[in-house]
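Tertiary structure, described
So the chains spell out like this:
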Amino acid sequence: MKISGYIILTFVFQEHRKHWEAYCKELGTATFGHSFRDAKGKLEDAVLCHLNTLEEVGERTRFFREHNIHFYREKIKCRETAVKAPVDNKTYVQSHLQPVYA
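Bear in mind that the values here come from a model prediction, so they are computed numbers and not experimental data.

One can find tyrosine 72 in the loop between helix H2 (60-66) and strand S4 (91-101). Sequence separation of tyrosine 72 and serine 4 is 68 residues, and the distance between their C-alpha atoms is 8.7 Å. Setting aside its immediate chain neighbours within four residues, tyrosine 72 contacts Gly5, Tyr6 and Ile8.

Let's shift gears to unusual backbone geometry. For asparagine 68, which is not glycine, the phi torsion reads 55° and is therefore positive. Judged by relative accessible area, asparagine 68 falls into the exposed class, the value being 72%.

This part is about the pairing of strand S3 (residues 29-33). As judged from the five bridges shared by strand S2 (residues 20-24) and S3, these two strands associate in the antiparallel manner. The residue bridging glutamate 21 from the neighbouring strand is phenylalanine 32, located in S3. Where S2 hands over to S3, the hairpin turn is made up of four residues, of which glycine 28 adopts a positive phi near 80°.

On to the nonpolar core. Counting residues in hydrophobic clusters, the biggest one holds 18 residues, and the most contacted among them are Ile7, Leu9, Phe11, Cys24, Leu27, Val47 and Leu51. Elements with a contribution of two residues or more to this core: strand S1 (3-15), S2, helix H1 (36-56), H2 and S4. Examining the composition of this core, we find that five residues originate from one element, H1, more than from any other. For leucine 51, the contacting residues outside a window of four places in its chain are Ile7, Leu27, Phe64 and Gln98.

This part covers empty space enclosed by the protein. Counting across every chain of the model gives one cavity of 30 Å³ or more. In this model, the largest cavity occupies a volume close to 40 Å³. Lining the largest cavity, in full, are Leu48, Leu51, Asn52, Glu55, Arg60, Pro99, Val100 and Tyr101. Among the secondary structure elements, those contributing two or more residues to the lining of the largest cavity are H1 and S4. Among the elements that line the lining of the largest cavity, the one with the most residues is H1, at four residues.

All right, on to the packing of aromatic side chains then. Counted according to the given criterion, the structure contains five aromatic pairs. Arranged with centres 6.3 Å apart and planes meeting at 80°, the rings of phenylalanine 11 and phenylalanine 13 form a pair that is edge-to-face. Measuring from ring centre to ring centre gives 4.5 Å for phenylalanine 13 and phenylalanine 36, while their planes differ by 55°; the resulting arrangement is tilted. With phenylalanine 13 in strand S1 and phenylalanine 36 in helix H1, this residue pair connects regions lying 23 residues apart in the sequence. Within the aromatic cluster, the residues linked to one another by ring pairs are Phe11, Phe13, Trp20, Phe36 and Tyr92.

Moving on: the environment of lysine 25. Looking at where lysine 25 falls in the secondary structure, it is placed in the loop between S2 and S3. A C-alpha to C-alpha distance of 7.3 Å links lysine 25 and leucine 9, two positions 16 residues apart in sequence. When near neighbours in sequence (up to four residues on either side) are disregarded, lysine 25 contacts Thr10 and Val12.

Parameters at a glance
- Residues numbered from 1 in each chain as written.
- Predicted model: local features only at pLDDT ≥ 70, side-chain atom pairs only at ≥ 80, totals over all residues.
- Heavy atoms only, no water.
- Helix = DSSP H or I, 4+ residues; strand = E, 2+ residues; numbered from the N terminus.
- Contact = heavy atoms within 4.5 Å.
- Buried < 20%, exposed > 50% of the residue type's maximum accessible area, 1.4 Å probe, protein only.
- Pairing = 2+ DSSP bridges.
- Core = buried A, V, L, I, M, F, W, Y, C linked by side-chain atoms within 4.5 Å.
- 1 Å grid on protein atoms, 1.4 Å probe; cavity = no way out; pocket = protein on both sides within 12 Å on 5 of 7 lines; lining within 4 Å.
- Points joined across faces, edges and corners; volume = space filled by probe spheres on them.
- Phe/Tyr/Trp six-rings, centres within 6.5 Å; stacked < 30°, edge-to-face > 60°.

By themselves, these are just geometric observations and shouldn't be taken as functional.
Below, the structure is given as structure tokens:
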């Protein structure tokens, strides 16, 4: 697979007693893990699967347009950022630069 461009996504993480929930706001993709790192890795995998499926069924362009997801043909200078300060006591938000494959 070849990278055809990039999108910027918003990941939201919520800590619960024994696990972390992870959610991508733009795609609506969600998962959980036993640690922050585990939840983040699973969300990255789920996002990639979601994007690949959209491409396979020919719906990626429409989905991006309908959900106001901007597609960048060139790698932008925005890097994946570290976890920002919590939104509240147990909620964290992170920007994520996601490669999109053709």
